[in-house]
Amino acid sequence: RTQLPGRTQRAIPYVRLRFARAVLDEVKLSRTLPRRSDMRRGVCLSLLLGVVALLAPEVACDPQDKNSTSHPTKEYSGYDGWYNNIAYPQLGIVDSHLIRSAPSCYQDGAYEPRGGFHPDESVIPNPMRISEKTMQGPTGEASALARSALLVYFGQQVVEEVLDSQGRGCPIEYVNIPIRGDIDEEPTCHEIYNPQGEQDKFIPVQRTRFDQNTGDSPNNPRQQLNEITPYIDGGLTYGIAKVWSDTLRKFRRGYLAWTCDAKFASGDCEVAEIHEMFPITNDIGLPLANPPPSLENVLKPVRRFMRLGNPRGMENPYLLMMGIVWFRYHNKLARDLFEERGCTSENEHDRFECSDEAIFNEARQWLISVHQKVVFYDWLPAFLGQPICADDETDTSNCIPQFRTYNPTITAQISQEFQTSAMRWGHTLVTPGGWLREKNSEDGECGKFKLPIRTCNSYWNSIEYYKEHPFQDLGDGNRYDGEKLDDLVRGLSSQRAEKEDNIITPDLRGFVFGPLEQSRRDLMALNIQRGRDHGVPDYQSVRMALGLELKKTFRDINPARPDPLVRLAALYGKDIDDEIGQSQIDLWPGGLLETVNGPGETFTAIIKDQFIRIRDGDRFWFESQKNGYSSWPHEIVEKIMAVTFRDVLLDVTGVTEEELQDPFFVDELTCMEPGRLRNNMTREELIEMVEGHNGEPLEDEDRWLPYGNPDQPNEDYPDYLGWACSYPKGFDYFSDSETDIIWVVMSFVCVFLIVLLIAIFLVERRKGRDYRKIVHSLRNFVRSAFHSSENRPGSTQDNYFMLSELIVEVQSIVLAYRDKLDRTIVMEDNDSKALWMDFQTFAVSVIGEEAVSRWTYEDGYLTFDRSDFAHAMKLQKDSDIVQYVFLLLTGDDRGLEISLQEYGLFLLIGVPYTRVDDMLSTSESLSFDIHTGPAGAVTLSVTQETGEGASAARDQGSFIGRTFKRVAEVNRGFWAHVDEHVVFYRLQMVWYAVLIFTFLERFWFYSQQAENGGFRQITGWGVPITRGAAAAQIWAYSTLLLPMARNTAAYLRHTALNKIWPFDYAWELHKHWAVVGMVFSIVHVAVHCNNFINIATQPESDLACTFREVFVGTHEDRDLSWWVFNTATGITGYMLTVVLIMIMVWSHRSVRKWAFWLFWLSHQLLWPLFYGLLFLHGAAHLVQYPWWIFFSVFPLALLTFDKLYGLYIYGDAVEVDQKATEELPSGVIKLALKKPPRFTYEAGMWLKIAINESSSMFGSRLARATNNIFGFGYVTGTSDYHSFTITSAPHEPSLTMHIRKVGPFTSKVHEAYSKSPIELQHKSVFIQGPFGEGFQDWDEFRTVLIFGSGIGITPVISVVKDVIQKRKTGQIKKCEKVYLVWIAQNLAEWEWVHDVLRQCELEDQLFAERTGTEPILTIFTFFTDHFQHPCTTLLYMLTAVDDDVKYREGLGGRHLLSSRFTYFGRPNILKLMRHIATLEEDRVFDECLLAYPVLENDLAQR
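Residues numbered from 1 in each chain as written. Predicted model: local features only at pLDDT ≥ 70, side-chain atom pairs only at ≥ 80, totals over all residues. Heavy atoms only, no water.

S.K.: What exactly am I supposed to notice about the overall build of the chain here?
M.R.: On a plain count of helices and strands, the chain comes out with 49 helices and 24 strands. Evaluated residue by residue, the chain yields a buried proportion of 56% over its 1502 residues. As presented, the chain carries roughly 65,200 Å² of accessible surface, and 54% of it is formed by carbon and sulfur atoms. (Helix = DSSP H or I, 4+ residues; strand = E, 2+ residues; numbered from the N terminus. Buried < 20%, exposed > 50% of the residue type's maximum accessible area, 1.4 Å probe, protein only. Areas by Shrake-Rupley, 256 points an atom, 1.4 Å probe, with all protein chains shown as cover.)

This is the structure we're talking about:
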């Protein structure tokens, strides 16, 4: 350290101090600037860098180190203004506050525009009226001081260098200007904006950006922001950020990049001359300002522009010219530095001073210094009309003070008065157009003039002027033409500005550019409205704050211009000689009307103050000699002071010294313009003026204005090519969105229909296999058997199917026929013949009249045996029902045939037609009476009536009826029922409470507390509803993952948590919550369709404010399809809707039954996709930051753990041996497996099984791994795992499962086990589990009520067996009574299991008789398909003789029914449970074990 130069030694602690100060300042700034969350990252980074800087060793760079990338003793000015002021580093930074010379004047003292949002126009006149009355007039008068047009447009680039506060504010706020007529007699009719005189028309004006931490009180009024630095620091050329600057660089020899799409004389892009260079094309999409060109009012891509440091540099050809000039000047300086330092291609990478970085920074600092000098010492005196003060000048009121020294105690920040009014004084100098002048002739004569550019028609089409062929893409012979820039420089330097007065050219006052919805606006009205928006006080108050003398009357403002002041006073309801008093004269018109050959007293004071502060408050000002490392040597300062803007133009353009005089003034010696441009000229007048000045006619190609040639039709050409400004055009933002919304909605409908049709097709295909076989057999039977005399109905396969159908149909006809007769029937011969005729009518419709004609009533032709009847009834041949029927009809159970006639008559009267004499005398008959029992079920009474009227009745429901009658009087009270509901629904109540809270919280937030977001103003209540629905969805879809953790549930259900969380209802909760989530998803999607309709009608500027996280090209129109398919949120939302439709439709019960692989696909493959899309949908945070993580992190973590746990515990499937299989009725296969060693389970548990075609374990292992981790498996065969209940009891030696044929997997199981025993040996069965649920807790309660139905009876079988076994062995701990409510739809569901239950019931009765106790098991059986299924109807009728010993002897003494409590109808759950509760001394049931999910809703309601 001692060896380093003293200057470098001092730099080390200085840099460390800067880092430390940066930390403190960024912390302070994070409290004041908007979007604090974005600043926190910068604060954290600054803290880290600050700690590193403070703790780092004090080591400096060696000045001789050739590898160093920065100059060791030179500090260059920054890009964003930070640390320009060492004491206050945040002064003058990007996005800092505009300061105020006068106190703010908001209507409410805080943020409301001066005069309010809807001011009283008698007090605060309409800005358009002020513009029309005080700034309208003829144009064409020249500047009194011979200011040039070049000075005017140079002034615009000065403003762009130090000021940019045009950004639209967020949240969206409008201070629209009502359109008032320019004709006093027609107050709403305006020639430009409202020629039809429509009501409620306005010019849209959006409030500008402001610090969102301001505006909440009069002590903290709203403060607008300057989006660039206030310093003259090269932002116009290099941008306000290093990253922006890097996009402009060539990174070679310090150059800024230029395009090769230019017309180069040298022909080599790499060695192009400076005056041939144009900035590189913006092919990277740099976010330059890109409003729609006013001439066409269409959005164009930003990539057509050039890359410039100034984002607004493409506004007009004059401003673009300035950008190109400074771009070229930088490259000229870089080339000169490279040559002066003796750099070559050989040593440029070895010497630091020849490096690209060193030359770029040095050239940049040179350019900034030259720009500072030109602005302050050349342009500002010409603009103000005041010279630079002499060294000894003390009175600076009429001159501009000289620079003394840098003053760190002042701020260079832009003032509100300067921004909204004073600097806009240059508008009065703006010309309607700009002349173009060719280069001088060889003999020195002035060059010929061309037709001028019309300013109003060039807005945002400036790039087209510099092309050889305007409005055509670059390339293919179309390039930039450097001579056009030279022509513009010559022309503007020869053209005098407009006269210094109050008249503003219509190119600004009426035809300045605007947004798509209104392509033209009145800039003067905008100036006034902008001042009110910013809370700038009135004209008099500003003068008072500046220390200027107040004006007494309107005439005193400017006695030389009384006419506009008369009109101004009239707007305030006063005369010109009246005292101004409290009149709220806006600063802009008041200051403008002071104009006499230059800015008036007020504007001059404001402008001078601002530029002096910019100069004296800039530590990097080129004249400063006491600012450390940024100082220029004195000789360099003198060099800079000698440079003028004329020198710059001569260095970078093809203009010669003879062609260019002082660029800011036009004297008599220059090449004068052909004439004064006026706004109301015609093209023919311009041509005549130019040809008269040139002394020769124009060439044909020069007779058109610069923007296009109508003789070359092209769809990109503007449709208006005259001199006059094009009139305003509107834009319908909803255009093309009508079809978009229809298309999106119809696409959802189509997706739904496609998904539904797929499901229906597969379901019907699955259902229709047997049906098609029957139809095919019927067709063959009709065509061959009946139409041929050789083929009679017999025992063929076709006849077999036909006969089955006839048996069933006979029963249907008979039952329908019997309903027409009286309940007491005596069958007469005529009645039987009538029945036969009805049957013949049906037969004719099926098999044809010719075949039926061969039948006779007497021959009883069609007969059937046990096999035929069993097949028709879908029963087994040895079924008790079949035996009962044949026993009754034939008197013998060994297998005689029965005719259809006999069977029909038996159904009609309840006894066999041919056996009536065995049961009844001729004077006796049987009648059937239908009773509705107290339990709500239908019971049967068979009454035998004799001639004497004696009767006897047998009512199976009489006992229960008496019991229920007594129980009906029991009333436990209202609050007792409420308490039961609370206990039963406790989890659902908590879940719904959270659901409702999440919905209402988001709804309230976006409807009341998020007004600043602007969503409700656009969508009404749409966004609050969708945000609430989104929150509810997140809650529902997150919590429904919890029931999927089945391994965790199986473990936790044995803990105390089972009293809080109903683990036994996991799947029901999963389905219930999924349906709730689906409902909110439908609401979310439906309301979003309405939201997008509203959003699609909004201006792009509004949407950019509302959706700040969505990037969109400035040329893109965000219609409905854009939002849906061009945003991450939209496309993921669309995909989520499609996936949700697939999941929900394919989860339907019918799909699960008949097309299970669709359900498998939706629930095993699509759910990870669904949650992945849900993550992406929220991660884009289109409206808010994602909330899903707060709800989903725990369920997802638990589910992941559960899957891994299941893989660990059940990962190795067990291969078991098969012991036996048996095919049972109703499509049920009984599968018996050998119990593996050390395999234990409890009653009612279930297994996951897979059946492979071979003994290879590969398929099993793959299915096992995928199933346990993701739930995946194979859907093409039987090797995927499916869950089945164990029907065997734990004490039995084998594992049995009853598998019903209801879907693809079970169908394949049936197919597999329907093969021969040899083929069966090649089947491998793998099991995983067991898994538990609520059935295992049956012994924890004194009284157990079990509901079972259909295939859901399988766990009940295991429990009932276990109950009987443990009772016989004395292992029951607590249970004293078990009630089984068995609900069977029909006989087919009943038959395959009734033997097991009958055996259990018999064992229970025998044990009770032996021990002298009551039976523990009571079974209630309900058949719900009464009179709709043939088997059930038959069983209903056979119950009349079930107790008859004569017929039971034929069945070996067995009862037909297993339960004496048998009913035909749906159970009345309420009465049934009250009855059982009465039997159990009115105890409340704590638990209901369900084997049929549908019953849960009914039980819950009861």
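S.K.: Teacher, can you tell me more about the packing of aromatic side chains here?
M.R.: Aromatic rings considered in pairs are described by the distance between their centres and by the relative angle of their planes. Under the defined criterion, the tally for this structure stands at 42 aromatic pairs. Centroid distance Phe 154 to Phe 645: 4.8 Å. Interplanar angle 65 degrees. Geometry classified as edge-to-face. One end of the pair, Phe 154, is in helix H4 (residues 149–162); the other, Phe 645, is in helix H18 (residues 645–652), with 491 residues separating them in the sequence. Of the two residues examined, Phe 154 and Phe 645, each falls in the buried class. Three or more aromatic residues joined by ring pairs form one cluster here, namely Phe 154, Trp 326, Tyr 329, Trp 379, Phe 383, Phe 418, Trp 425, Phe 611, Phe 645 and Phe 664. Taking NZ or CZ as reference, Arg 328 lies 5.0 Å from the ring centre of Phe 278, over its face. When the ring centre of Tyr 465 is taken as reference, the NZ or CZ atom of Lys 484 above it lies at 5.7 Å. (Phe/Tyr/Trp six-rings, centres within 6.5 Å; stacked < 30°, edge-to-face > 60°. Lys NZ or Arg CZ within 6 Å of the ring centre and 35° of its normal.)

S.K.: Explanation requested: a nonpolar patch on the surface in the structure shown.
M.R.: The grouping of Ile 742, Val 745, Met 746, Val 749, Phe 752, Leu 753, Leu 757 and Ile 760 at the surface amounts to a nonpolar patch, some 680 Å² of accessible area in total. Relative to the elements of secondary structure, Ile 742 occurs in helix H20 (residues 737–786). (Patch = residues over 30% accessible without salt bridge, like charges linked within 9 Å, V, L, I, M, F, W, Y side chains within 5 Å. Salt bridge = Lys/Arg side-chain N within 4 Å of Asp/Glu carboxyl O.)

S.K.: Looking at this structure, how should I read the sheet that holds strand S15 (residues 1228–1234)?
M.R.: Paired through their backbone hydrogen bonds, the strands of a sheet run either parallel or antiparallel. Reading across from one edge, S14-S15-S18 is the order of the 3 strands in this open sheet, with antiparallel pairing throughout. Here the strands that pair on one side only, and so sit at the sheet edges, are strand S14 (1218–1224) and strand S18 (1294–1300). Strand-to-strand twist in this sheet, taken as the mean axis angle between neighbours without regard to direction, amounts to 15 degrees. Inspection of the sheet shows S14 paired to S15 by 6 bridges, in the antiparallel sense. Its bridge partner being in S15, Glu 1222 is matched across the sheet by Lys 1230. (Pairing = 2+ DSSP bridges. Axes fitted to C-alpha atoms, helices over the stretch in contact; angles between N-to-C directions.)

S.K.: What is the right way to look at the side chain of Arg 532 in this model?
M.R.: Locating Arg 532 in the fold gives a position in helix H12 (residues 523–533). By relative accessible area, Arg 532 is classed as buried at 2%. At 2.8 Å, the side chain of Arg 532 forms a polar contact with the backbone oxygen of Pro 125. Once you skip the residues sitting within four places of it in the chain, Arg 532 turns out to touch Pro 113, Arg 114, Ile 124, Pro 125, Pro 127, Ile 130 and Asp 586. (Polar contact = N/O pair within 3.5 Å; in protein donor to acceptor, adjacent residues only side chain to side chain. Contact = heavy atoms within 4.5 Å.)

S.K.: How should I be thinking about the side chain of Ser 369 in this particular structure?
M.R.: Within the secondary structure, Ser 369 sits in helix H8 (residues 356–384). For Ser 369, a relative accessible area of 0% gives the class buried. If we ignore the near neighbours within four places in the chain, the residues touching Ser 369 are Phe 622, Trp 632 and Ile 640.

S.K.: Sorry if this is basic, but what is going on with the state of the cysteines here?
M.R.: Between two cysteines, a covalent bond joining their sulfur atoms is known as a disulfide. This structure, assessed with the given rule, holds 4 disulfides. A disulfide bridge connects Cys 456 with Cys 725, and the sulfur atoms are separated by 2.0 Å. Disulfide Cys 456-Cys 725: torsion about the S-S bond near -105 degrees, hence left-handed. Of the two residues, Cys 456 sits in the loop between strand S6 (449–454) and helix H10 (462–465) while Cys 725 sits in the loop between helix H19 (683–694) and H20, which places them 269 residues apart along the sequence. You can call Cys 725 buried: its relative accessible area is 8%. (Disulfide = S-S within 2.5 Å.)

S.K.: What is the right way to read a negative patch on the surface from this model?
M.R.: Side chains of Asp 391, Asp 392, Glu 393 and Asp 395 sit close together on the surface and give a patch of like negative charge. Secondary-structure assignment places Asp 391 in the loop between H8 and helix H9 (416–420). (Lys, Arg positive; Asp, Glu negative; His and termini not counted. Charge placed at Lys NZ, Arg CZ, Asp CG, Glu CD.)

S.K.: Would you mind showing me how to read the pattern of salt bridges here?
M.R.: Side-chain pairs of opposite charge can arise whenever the charged atoms involved come near each other. A full pass over the atoms with the stated rule returns 46 salt bridges. Residues Lys 499 and Glu 141 are paired through a salt bridge, measuring 3.4 Å at the closest nitrogen-oxygen approach. You can see Lys 499 sitting in the loop between helix H11 (482–494) and strand S7 (509–513) and its partner Glu 141 sitting in the loop between helix H3 (127–134) and H4, a full 358 residues away along the chain. For Glu 141, a relative accessible area of 42% gives the class partly exposed. One salt bridge connects Glu 173 with Arg 222, and the closest N-O pair in it is separated by 2.9 Å. Here the residue Glu 173 occupies a position in the loop between H4 and strand S2 (177–178), and Arg 222 occupies one in the loop between strand S3 (202–203) and strand S4 (225–226), the gap between them amounting to 49 residues.

S.K.: Which parts of the structure should I look at to understand the packing of H3 against H12?
M.R.: A pair of packed helices is captured by two measures, namely the crossing angle of their axes and the spacing between those axes. Between H3 and H12, the least distance of the axes is 8 Å, while the angle of their chain directions is 135 degrees. As the angle between them shows, H3 and H12 are arranged oblique. Relative to H12, the crossing made by H3 is right-handed. In this structure, H3 uses Pro 127, Met 128, Ile 130 and Ser 131 to contact H12, whose residues at the interface are Met 524, Ala 525, Ile 528, Gln 529 and Arg 532. Within the contact of H3 with H12, the residues separate by chemical class into 6 nonpolar, 2 polar and 1 charged. (Parallel < 35°, antiparallel > 145°, perpendicular 65-115°, else oblique. Left-handed = near helix turned anticlockwise from the far one by under 90°. Nonpolar A, V, L, I, M, F, W, Y, C, P; charged D, E, K, R; others polar.)

S.K.: In this structure, what is going on with unusual backbone geometry? I would like to understand it.
M.R.: Positive phi is not limited to glycine here, since Ala 146 has a value of about 60 degrees. Even without being a glycine, Asn 597 presents a positive backbone phi close to 60 degrees. Structurally, Asn 597 can be placed in the loop between helix H15 (587–592) and helix H16 (601–616).

S.K.: I keep staring at the nonpolar core and nothing clicks. Help me out?
M.R.: It is characteristic of soluble globular proteins that their nonpolar side chains tend to be buried jointly. Membership of the largest hydrophobic core comes to 144 residues, with the highest contact counts inside it found for Phe 154, Met 321, Trp 379, Tyr 466, Phe 611 and Phe 645. With 15 residues, the single largest contributor to this core is H8. If we skip the residues at most four places from it in the chain, Trp 379 touches Leu 151, Phe 154, Gly 155, Val 158, Val 374, Met 423, Phe 611 and Phe 664. With 60 residues, the next largest nonpolar core counts Ile 741, Val 744, Ala 1029 and Trp 1123 among its residues. (Core = buried A, V, L, I, M, F, W, Y, C linked by side-chain atoms within 4.5 Å.)

S.K.: Is there a simple way to explain the environment of Phe 665 in this structure?
M.R.: Among the secondary structure elements, Phe 665 is positioned in the loop between H18 and H19. Linking Phe 665 and Arg 147, residues 518 residues apart in sequence, is a C-alpha distance of 4.6 Å. Apart from the residues within four sequence positions on either side, Phe 665 is in contact with Leu 145, Ala 146, Arg 147, Ser 148, Ala 382 and Ser 493.

S.K.: Would you explain H11 in this entry?
M.R.: Taking 1.5 Å of rise per residue, 13 residues should cover 18 Å, and H11 covers 19 Å from first to last C-alpha, within 8% of that figure. Burial runs high along H11: 12 of the 13 residues are buried. For H11, the set of buried residues is Gly 482, Lys 484, Leu 485, Asp 486, Asp 487, Leu 488, Val 489, Arg 490, Gly 491, Leu 492, Ser 493 and Ser 494. Contact partners of the buried residues in H11: H4, helix H7 (317–340), strand S5 (433–437), S6, H10 and H18. (Expected span 1.5 Å × (residues − 1).)

S.K.: Would you take a moment to explain the pairing of S18 for this structure?
M.R.: The two faces of a sheet get side chains in turn, since along a regular strand they alternate between them. With 6 of 7 residues buried, S18 is to be regarded as a mostly interior element. Sheet topology places S15 next to S18; 7 bridges connect them, and they run antiparallel. Looking at the pairing, Lys 1234 lines up with Ser 1294 of S18.

S.K.: Can you help me understand H12 in this one?
M.R.: Three- or four-residue spacings in an α-helix give side chains the same orientation, since the helix completes a turn every 3.6 residues. With respect to burial, H12 is a largely interior element, 11 of its 11 residues being buried. Looking at H12, one finds that the buried residues are Leu 523, Met 524, Ala 525, Leu 526, Asn 527, Ile 528, Gln 529, Arg 530, Gly 531, Arg 532 and Asp 533. The inward-facing, buried residues of H12 contact H3, S2, H9, S7, strand S8 (520–522) and H15. Its side-chain oxygen 3.0 Å from the backbone nitrogen of Met 524, Asp 522 forms the N-cap of H12. Once H12 ends, the next one or two residues include Gly 535, with phi positive near 70 degrees.

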